[in-house]
Amino acid sequence: MIDLNDPVVRGYLIQLLGEEGITMIENMPEGEVTDEEIAEATGVLLNIVRRNLFIMNENKLAVCRRERDSSSGWLTYLWQLDMDDIDTQLTKEKKKLVKNLQARLDFEEDNVFYVCPEGCIRILFNNAAECHFLCPVCGEDLTFQENTEMVETLKERLTALQES
């Protein structure tokens, strides 16, 4: 079974499912169970259980099997956790994060920014020039924003992610 106390795993699952999803996973009965049984065992609302199960299924963290009742013809969905693929999912998320951080770093390095001293807005140089360097929200004079600290923080995060 997966270690839900691992901060990376827990953070990923919270991002994916929320706190109620963690509660559901921690208290989910073993083996194949229906969504109603999961809701009853975990105390999580049925609609939230269903939403989380579908999200987990899409991310290959749960498997579903359908059974048709021979007398009524109704389908019953049986669910089971399958966290074997979580490392693959974490790797995909890491790649997405690296890509997004690199795009943000490139944007920060390639542009000049101006900000309102009242905190209304942060805009690019060209937009600031079009507004005559006045805040379009409150009318205050816009000031140049040095983003070296932001660039360095982004570089550190990227390096840490690429080395891990």
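Under an unreviewed UniProt entry, the protein chain has the name Transcription factor E and belongs to Methanohalophilus euhalobius. Regarding the protein chain, the relevant UniProt record gives this comment under Subunit (unreviewed entry): "Monomer. Interaction with RNA polymerase subunits RpoF and RpoE is necessary for Tfe stimulatory transcription activity. Able to interact with Tbp and RNA polymerase in the absence of DNA promoter. Interacts both with the preinitiation and elongation complexes."

J.: Help me out: how do you make sense of the pattern of salt bridges in this one?
T.: Side chains that carry opposite charge are capable of pairing whenever their charged atoms lie near each other. This structure, assessed with the given rule, holds nine salt bridges. Between Glu-108 and Arg-104 there is a salt bridge whose closest N-O contact spans 3.0 Å. In this pair, Glu-108 and Arg-104 both sit in helix H5 (residues 86-110), four residues apart, roughly one turn of the helix. Shared partners join several salt bridges into a network, and the residues in it are Glu-32, Arg-65 and Glu-67.

J.: What is the right way to read the sheet that holds strand E5 (residues 143-145) from this model?
T.: Either a parallel or an antiparallel arrangement is found when strands of a sheet pair, and the pairing is made through backbone hydrogen bonds. The three strands are arranged E4-E3-E5 in an open sheet whose pairing can be described as antiparallel. Looking at which strands have only one partner, the edges of the open sheet turn out to be strand E4 (122-124) and E5. Going from strand to strand, the sheet's axes swing by 40 degrees on average, the running direction of each strand aside. Here three bridges tie strand E3 (residues 113-115) to E4, and the two strands are oriented antiparallel to one another. Bridging from a neighbouring strand, Val-115 pairs with Arg-122 of E4.

J.: What is the right way to read the packing of aromatic side chains from this model?
T.: What describes a pair of aromatic rings is the distance from one ring centre to the other and the angle between the planes of the rings. Under the counting rule described, the total for this entry stands at six aromatic pairs. With a centroid separation of 6.0 Å and 45 degrees between ring planes, the pair formed by Tyr-114 and Phe-125 is classed as tilted. With Tyr-114 in strand E3 and Phe-125 in helix H6 (residues 125-130), the pair connects residues that are eleven residues apart, well separated along the chain. A relative accessible area of 15% means that Tyr-114 is categorised as buried. A relative accessible area of 38% means that Phe-125 is categorised as partly exposed. Here the aromatic rings of Tyr-114 and Phe-144 are separated by 5.9 Å at their centres, their planes lie at 75 degrees, and the arrangement is edge-to-face. In this pair, Tyr-114 sits in strand E3 while Phe-144 sits in strand E5, placing the two residues 30 residues apart along the sequence. Every member of this aromatic cluster is reached through a ring pair, and the members are Tyr-114, Phe-125, Phe-133 and Phe-144. Between Arg-122 and the ring centre of Phe-113, over which it is positioned, the NZ or CZ distance is 3.7 Å.

J.: When you look at helix H2 (residues 19-27) in this model, what are you seeing that I'm missing?
T.: The set of residues buried in H2 consists of Gly-21, Ile-22, Met-24 and Ile-25. Looking straight down H2, one finds that the buried residues subtend no more than 160 degrees of arc, so they occupy a single side. Close packing links the buried residues of H2 with helix H1 (7-17), helix H3 (35-42), helix H4 (46-58) and strand E2 (75-81).

J.: Before we go on, may I ask you to explain the UniProt feature "domain: HTH TFE/IIEalpha-type" (unreviewed entry) in the protein chain in this structure?
T.: With numbering matched to this structure, UniProt assigns "domain: HTH TFE/IIEalpha-type" (unreviewed entry) to residues 5-87. End C-alpha to end C-alpha, residues 5-87 measures 15 Å, and it is 52% helix and 17% strand.

J.: Would you mind going over the packing of H1 against H5 with me for this structure?
T.: Think of two packed helices as two axes; the pair is described by the angle between the axes and how far apart they sit. Following both chains from N to C, one finds H1 and H5 inclined at 75 degrees, their axes separated by 11 Å at the closest point. Put simply, H1 runs roughly perpendicular to H5. Where H1 approaches H5, its residues Val-8, Val-9, Tyr-12, Leu-13 and Gln-15 are matched on the opposing element by Ile-86, Gln-89, Leu-90 and Glu-93. Of the residues assigned to the contact of H1 with H5, the class counts are six nonpolar, two polar and one charged.

What counts and how
- Residues numbered from 1 in each chain as written.
- Predicted model: local features only at pLDDT ≥ 70, side-chain atom pairs only at ≥ 80, totals over all residues.
- Heavy atoms only, no water.
- UniProt positions renumbered as here; feature names shortened; annotations may be inferred.
- Salt bridge = Lys/Arg side-chain N within 4 Å of Asp/Glu carboxyl O.
- Helix = DSSP H or I, 4+ residues; strand = E, 2+ residues; numbered from the N terminus.
- Pairing = 2+ DSSP bridges.
- Axes fitted to C-alpha atoms, helices over the stretch in contact; angles between N-to-C directions.
- Phe/Tyr/Trp six-rings, centres within 6.5 Å; stacked < 30°, edge-to-face > 60°.
- Buried < 20%, exposed > 50% of the residue type's maximum accessible area, 1.4 Å probe, protein only.
- Lys NZ or Arg CZ within 6 Å of the ring centre and 35° of its normal.
- Arc of directions from axis to C-beta.
- Contact = heavy atoms within 4.5 Å.
- Parallel < 35°, antiparallel > 145°, perpendicular 65-115°, else oblique.
- Nonpolar A, V, L, I, M, F, W, Y, C, P; charged D, E, K, R; others polar.

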